[in-house]
Amino acid sequence: MILILLSIILALSLVQYIRFQRKMSFAKNLPTVQPCYPVVGNGLMFLGKSGEERFNNLSGVLKNSAKLFKLWLGVYPFICTSDPGMAQKIFTNPNCMEKPFIYDFFKLEYGLFAAHYNVWKKQRKLLNLTFNQKILNGFVPIFDRCAQNLVQTLAALPEGKSINITDYMNRCTLEMVCATTIGSDLNKNPGVNKLMTLIIGVFNLVSARILNIPLYWERIYRLTKDYRKEVLMRTEGYSYANQILQDAVDRRSKQVARTESDETDDDGYRRPQIFVDQLLELHEGNKLEDIEVNDNVYTIIVAGSDTSGTELGYAALMLALYPDIQEKVHREIVEIFPLEDPVNFKPESLKQLEYTEMFIKECLRLYPVVPNLMREANAEFELDGMKVPKGTYFLVSIYNMHRKKEVWGPNADKFDPENFSPDRCKERHPFAFLPFSGGNRNCIGSRYAMISMKIILVHLLRSFTLSTKMKSEDLRFYFDGMLRSINKPQVILERRTFASLCVN
Ligand code: HEM
């Protein structure tokens, strides 16, 4: 029986392989990562390897100096690059806005992140409005409250102890995202906590599948333990999520109509218009289906919390590793938000945090939480003199692009926020820095992320100095959809007394 099954799989794979070989004839002059074998492609470099080996092997081959080259994940060929010019051509081409089959593993086909082109195109137009600057400004008091909760939690920990700071950051960004997405207070609603654990659990299983080539075939995946785990988690997750969404629908139906003036407070911030309300408004106007509301709620919760939280873990470690840089960020923060006054975040004051922004960007450069991006041609287009057929897959290595010496100079591996000084930025290719991806299918939450991360850093550095026993070399990564380190950033927090703060 097993033999018959294996023969069928092999025969089907061979047919697929031949089909793709023919399709890739347009790229026959591009180099291929070696060793590459029929049917398995470059898959052997990942088969049976640890997560760290997979990460190192993949980023090793993606360092390729050719502007474009081919990597075969089993029978599936990907055209790869880490060149800013090529990335620009790929990300800005309207005929290259599709996501490859790997995004189907997330099973959120009606959420922006994994949606196929036609669904995405309609939704992105509608959802761009829900992330406008006014709405984001309305979230500032929520970000402020959550960041204060974080600092209180950290202040209650025993001093001088090394802590895994990413856990605390993740909790804070999740609290922010739950409040702004579904209007739920994480501290009062244990169901939300549970839902998040389940969503992250599913995402981890999906990430594990990305380099496990035999599991690309749904029928084979269905035979595995991971699949059974995933189904259980999804079922439980949907029941929590349905309850939370129902609460939002009920709350909305009770709401009295509000006037524009009711919605603006004295600081010029609008009262928060949480996402689920905006999605439900689009649903009531027949612009979004039920499933589109649900899938986008899940998508935004995951895309919005784990990413910023993980990045802030790296940011805290960088502050701890480079005391001079920490001092400079701190100085700017207390200049703009003097210690004698309560913090009052105005849109202009957040913009004034220029060095802090340069610092965050440098963290995003060396530690881009989304290290690899994929696209698929949704129609034929021309790239570098080649006619790229519909259905061609692309992989852009952001991690390698951000560390390229040709782009960032001989000290590309060194942590230096000055890389983002206006002078240095002027000289650089506009697509050399892509932590939020590029073109129309970029991160819809990039401004949300920058504002919330700045607010967290303001509160963190007004309250603590950070140090660490780790070295930057201790950060070793394992393969995942996100850039995750094996040994998590560990920092030691020391409370700043008001006197010590005023000396600064
Ligand atoms: C440091 C923080 C963040 C980083 C580095 C980041 C990065 C990215 C990247 C690289 C993509 C493109 C993925 C791809 O093409 O495969 C993306 C997409 C997306 N992100 Fe973010 N993100 C962050 C925070 C957020 C936040 C806070 C939200 C929402 C509140 C968010 C919501 C989304 C959504 C919905 C998409 C899909 C967009 C589309 O396909 O139209 N992200 N993000």
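Because the structure is a prediction, the values reported are computed rather than measured.

Q: Can you help me understand unusual backbone geometry in this one?
A: In terms of backbone geometry, most residues other than glycine have negative phi values and most peptide bonds are trans. Residue P35 is bonded to the preceding Q34 through a cis peptide linkage, with omega at -5 degrees. Of note, P35 is situated in the loop between helix 1 (2-23) and helix 2 (51-62). Phi is positive for K107, which is not a glycine, with a value near 50 degrees. Assignment of secondary structure puts K107 in the loop between helix 3 (84-91) and helix 4 (117-130).

Q: Any chance you could explain the sheet that holds strand 1 (residues 69-73) here in plain terms?
A: Each strand in a sheet pairs with another by means of backbone hydrogen bonds, the pair being arranged parallel or else antiparallel. Overall, mixed pairing links the four strands, which are arranged 1-2-7-4 in an open sheet. Across the chains shown, the open sheet's two edge strands, defined by having one partner strand only, are strand 1 and strand 4 (372-376). Pairs of neighbouring strands in the sheet enclose a mean axial angle of 30 degrees, with direction left out of account. Pairing between strand 1 and strand 2 (residues 76-81): five bridges, direction antiparallel. Directly across from F69, in strand 2, lies its bridge partner C80. Relative to strand 1, helix 2 is tilted by about 155 degrees, and along the sheet it contacts strand 1, strand 2, strand 4 and strand 7 (393-397). Docked against the sheet, helix 3 engages strand 2, strand 4 and strand 7, running at close to 135 degrees with respect to strand 7.

Q: Help me understand the side chain of T468, please; the structure alone is not making it clear to me.
A: Looking at where T468 falls in the secondary structure, it is placed in the loop between strand 8 (464-467) and strand 9 (477-478). Within polar-contact distance, the side chain of T468 engages the backbone nitrogen of M470 at 3.0 Å. A polar side-chain atom of T468 sits 2.6 Å from the main-chain carbonyl oxygen of Q490. If we skip the residues at most four places from it in the chain, T468 touches L317, A320, L321, Q490 and V491.

Q: Would you mind showing me how to read the site of the ligand here?
A: Inspection of the region around the ligand gives 27 residues, with Y103, W120, R124, R375 and C443 positioned closest. K99 has a polar side-chain atom sitting 3.2 Å from an oxygen atom of the ligand. Of all the secondary structure elements, the ones that give two or more residues to the shell around the ligand are helix 4, helix 11 (290-321), strand 4 and helix 18 (446-463). Here the shell around the ligand is built from residues that sort into 17 nonpolar, six polar and four charged.

Q: When you look at helix 5 (residues 133-155) in this model, what are you seeing that I'm missing?
A: Its 23 residues place the ends of helix 5 32 Å apart at the C-alpha level, agreeing with the 33 Å of an ideal helix rising 1.5 Å per residue. At F139, helix 5 shows its strongest bend, of approximately 35 degrees, with the proline P141 following within four residues. The backbone nitrogen of K134 has a side-chain oxygen 3.1 Å away, supplied by the residue at the start of helix 5, namely N132.

Q: Whenever I open this one, the sheet that holds strand 8 confuses me. Can you help?
A: If you trace the three strands from one edge of the open sheet to the other, you get 3-11-8, paired in antiparallel fashion. The open sheet terminates on both sides in strands that have one partner only, identified here as strand 3 (162-164) and strand 8. Sheet twist, expressed as the average angle between the axes of neighbouring strands with direction ignored, equals 45 degrees. Where strand 3 lies against strand 11 (residues 490-495), three bridges are found, and the strand directions are antiparallel.

Q: Would you take a moment to explain empty space enclosed by the protein for this structure?
A: Unfilled space is identified by rolling a water-sized probe across the atoms. Counting across every chain of the model gives four cavities of 30 Å³ or more. The calculated volume of the second largest cavity comes to roughly 140 Å³. Elements with a minimum of two residues in the lining of the second largest cavity: helix 7 (190-210) and helix 9 (225-254). Broken down by element, the lining of the second largest cavity gets its largest block of residues, five residues, from helix 7. Taken together, the residues of the lining of the second largest cavity sort by class into 10 nonpolar, one polar and one charged.

Q: What is the right way to read the layout of surface pockets from this model?
A: Here the largest pocket defines a volume of roughly 450 Å³. What lines the largest pocket is a set of 19 residues, among which E357, K361, R447, M450 and K454 lie closest to the centre. With five residues, helix 18 is the largest single contributor of residues to the lining of the largest pocket. Classifying every residue of the lining of the largest pocket by side-chain character gives nine nonpolar, four polar and six charged.

Q: What exactly am I supposed to notice about the environment of R22 here?
A: Checked against the element boundaries, R22 lands in helix 1. Put simply, R22 and Q273 are 251 residues apart on the chain and 51 Å apart in space, counted from C-alpha to C-alpha.

Q: Any chance you could explain the nonpolar core here in plain terms?
A: Across soluble globular proteins, nonpolar side chains have a tendency to be buried as a group. Counting residues in hydrophobic clusters, the biggest one holds 164 residues, and the most contacted among them are F78, F359, L466 and V491. The element best represented in this core is helix 11, accounting for 14 residues. Residues within four places of L466 in sequence aside, it is in contact with A316, L319, A320, Q326, L460, L461, V491, I492 and L493.

Q: Whenever I open this one, the packing of aromatic side chains confuses me. Can you help?
A: Counting across every chain of the model gives 36 aromatic pairs. Their ring planes at 80 degrees and their centres at 5.3 Å tell us that F55 and Y399 sit as a pair that is edge-to-face. Note that F55 is positioned in helix 2 and Y399 in helix 15 (residues 398-401), a separation of 344 residues in sequence. Residue F55 shares its accessibility class with Y399, and that shared class is buried. Considering the side-chain rings of Y76 and F101, the 4.3 Å spacing of their centres and the 35 degrees angle between planes classify their relative orientation as tilted. Of this pair, Y76 sits in strand 2 while F101 sits in the loop between helix 3 and helix 4, placing them 25 residues apart in sequence.

Conventions used here
- Residues numbered from 1 in each chain as written.
- Predicted model: local features only at pLDDT ≥ 70, side-chain atom pairs only at ≥ 80, totals over all residues.
- Heavy atoms only, no water.
- Helix = DSSP H or I, 4+ residues; strand = E, 2+ residues; numbered from the N terminus.
- Pairing = 2+ DSSP bridges.
- Axes fitted to C-alpha atoms, helices over the stretch in contact; angles between N-to-C directions.
- Contact = heavy atoms within 4.5 Å.
- Polar contact = N/O pair within 3.5 Å; in protein donor to acceptor, adjacent residues only side chain to side chain.
- Near = heavy atom within 4 Å.
- Nonpolar A, V, L, I, M, F, W, Y, C, P; charged D, E, K, R; others polar.
- Expected span 1.5 Å × (residues − 1).
- Bend = angle between axes of the 7 residues up to and from the residue.
- 1 Å grid on protein atoms, 1.4 Å probe; cavity = no way out; pocket = protein on both sides within 12 Å on 5 of 7 lines; lining within 4 Å.
- Points joined across faces, edges and corners; volume = space filled by probe spheres on them.
- Core = buried A, V, L, I, M, F, W, Y, C linked by side-chain atoms within 4.5 Å.
- Buried < 20%, exposed > 50% of the residue type's maximum accessible area, 1.4 Å probe, protein only.
- Phe/Tyr/Trp six-rings, centres within 6.5 Å; stacked < 30°, edge-to-face > 60°.

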